[in-house]
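# Structural overview for review
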Amino acid sequence: MSLVAGELGSERHRVLVVDDDDNVRESLERGLTLSGFDVCTAIDGVQAIAVSRAEQPDVIVLDLQMPKLDGLGFIMAFRAFGSDVPICVLSARNEVTDRIEGLEAGADDYLVKPFYFDELTARLNALLRRPRGTSTVTQDAITIGSLHIEFASRRVLSSGVEVTLTRREYELLTVLANNCGTVMTREQLLERVWGYDFATRTNVVDVFVAHLRRKLEACGEPRLIQTVRAVGYVLRKEPA
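What counts as what
Residues numbered from 1 in each chain as written. Predicted model: local features only at pLDDT ≥ 70, side-chain atom pairs only at ≥ 80, totals over all residues. Heavy atoms only, no water. Helix = DSSP H or I, 4+ residues; strand = E, 2+ residues; numbered from the N terminus. Buried < 20%, exposed > 50% of the residue type's maximum accessible area, 1.4 Å probe, protein only. Areas by Shrake-Rupley, 256 points an atom, 1.4 Å probe, with all protein chains shown as cover. 1 Å grid on protein atoms, 1.4 Å probe; cavity = no way out; pocket = protein on both sides within 12 Å on 5 of 7 lines; lining within 4 Å. Points joined across faces, edges and corners; volume = space filled by probe spheres on them. Salt bridge = Lys/Arg side-chain N within 4 Å of Asp/Glu carboxyl O. Nonpolar A, V, L, I, M, F, W, Y, C, P; charged D, E, K, R; others polar. Pairing = 2+ DSSP bridges. Contact = heavy atoms within 4.5 Å. Expected span 1.5 Å × (residues − 1). Arc of directions from axis to C-beta. Axes fitted to C-alpha atoms, helices over the stretch in contact; angles between N-to-C directions. Parallel < 35°, antiparallel > 145°, perpendicular 65-115°, else oblique. Left-handed = near helix turned anticlockwise from the far one by under 90°.

### Details of the overall build of the protein chain
A count of helical and extended segments in the protein chain gives eight helices and 14 strands. Buried positions account for 48% of the 240 residues belonging to the protein chain. Roughly 11500 Å² of accessible area belongs to the protein chain as shown, and the carbon and sulfur atoms make up 49% of that amount.

Here it is as structure tokens:
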């Protein structure tokens, strides 16, 4: 059964649209309102911080190139406040390095302009479907090689050293860890971590796996997250 965009069950969700282009901002506001969202707006990162505090949005659509405080600056400041509200970057900057930069800063998704409006609403609803700050776990803690995860405290240690992860990095790692030895396709990971139950062209899984590897292997630890060519990823107890 499909749901009207912006409505999961009977609840309407509030989206904050941040873009300094009046035409883009107003177009998104109209479209998202017609799609069932309650919409608030901001014209730059500074105003977005104030609006987000006042309006408490459920999800944020964010441009990167803005005056005063750009999108990356907003993401870093917003995450520094401890907020885990999902952020979908909507930008004309389409280089891989731009996507990586946005996701590394703390965004949850990245959609390149021009875009299909239906895909934007589908991605927003997918982000809203994911419970924030929770993960499905089967035990209190797990140790896999040099990796140790304590689920109750959300602590991750690599060779005894605590590793700081973003919310989405942690969720991806726990899905892989709870399916240790099982190959997970990119589609399965998109559904379980990002809530995507529809086909979409995105390299967000690959970007986040690269983040995890870099953090978990910072002190020269063996690679636990292995690539299965043309399929996806698997976390193994021993490196391949």
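### Some details on the layout of surface pockets
Counted as a void, the largest pocket has a volume near 270 Å³. Taken together, 15 residues line the largest pocket, and the ones lying closest to its centre are Arg99, Leu111, Val112, Arg123 and Arg201. Of all the elements in the fold, those that place two or more residues in the lining of the largest pocket are α4 (96-105), β7 (109-112) and α5 (117-129). At four residues, the largest contribution of residues to the lining of the largest pocket is made by β7.

### Some thoughts on the pattern of salt bridges
Tallying each qualifying case throughout the model produces 17 salt bridges. For the salt bridge of Asp108 with Arg167, the shortest nitrogen-to-oxygen distance reads 2.5 Å. Pair noted here: Asp108 is in the loop between α4 and β7 and Arg167 is in helix α6 (residues 167-178), with a separation of 59 residues, a long-range link. Of the two residues examined, Asp108 and Arg167, each falls in the buried class.

### Considering empty space enclosed by the protein
Within this structure, the stated rule accounts for one cavity of 30 Å³ or more. What the largest cavity holds in volume is close to 60 Å³. Of the residues belonging to the lining of the largest cavity, the class tally is five nonpolar, two polar and three charged.

### Here's the deal with the pairing of strand β9 (residues 147-150)
On β9, burial follows the alternation: Leu147 and Ile149 on one face are buried, whereas His148 and Glu150 on the facing-out side are not. Pairing analysis gives four bridges linking strand β8 (residues 141-144) to β9, with the strands arranged antiparallel. Bridged to Ile144 within β9 is Leu147. In the sheet, β9 pairs with strand β10 (residues 155-158) via four bridges, with the strands oriented antiparallel. Within β10, the residue paired with Glu150 across the bridge is Arg155. Between β9 and β10, which pair antiparallel in sequence order, lie four residues; one of them, Arg154, sits at a positive phi of approximately 60°.

### Observations regarding the environment of Tyr196
Along the chain, the position of Tyr196 falls in the loop between α7 (186-194) and α8 (204-216). On the basis of relative accessible area, Tyr196 is assigned to the buried category, the value being 3%. Excluding residues that lie within four positions of it along the chain, Tyr196 makes contacts with Asp109, Arg123, Ala126, Leu190, Glu191 and Thr202.

### Regarding helix α1 (residues 22-34)
If you check α1, its first and last C-alpha atoms are 18 Å apart, about what 13 residues at 1.5 Å a residue would give, namely 18 Å. Among the residues making up α1, those that are buried are Arg25, Leu28, Gly31 and Leu32. Projected onto a plane normal to the axis of α1, the buried residues spread over an arc of 140° and lie on a single side. Those residues of α1 that are exposed and angled more than 90 degrees off the buried face are Asn23, Arg30 and Leu34. Where α1 is buried, its residues meet β3 (14-18), β4 (38-42), β5 (59-62), β6 (87-91) and α5.

### Concerning the packing of α4 against α8
Packing of α4 against α8 brings their axes to within 10 Å, and their N-to-C directions diverge by 60°. By the angle between their axes, α4 is oblique relative to α8. Like other packed secondary-structure pairs, α4 and α8 cross with a definite hand, here right-handed. Where α4 abuts α8, its residues Ile100, Leu103 and Glu104 lie against Val204, Val207, Phe208, His211 and Arg214.

### A closer look at the sheet that holds β4
Spatial strand order, β4-β3-β5-β6-β7: five strands in an open sheet with parallel pairing. A single partner strand is all that each edge strand has here, and the edge strands are β4 and β7. Mean inter-strand twist for the sheet, computed between neighbouring axes without regard to direction, equals 20°. Direction of pairing for β3 relative to β4: parallel, over a ladder of five bridges. Bridge pairing in β4 links Val15 to Val39. On the sheet, α1 packs against β3, β4, β5 and β6 and is oriented at approximately 170° with respect to β4.

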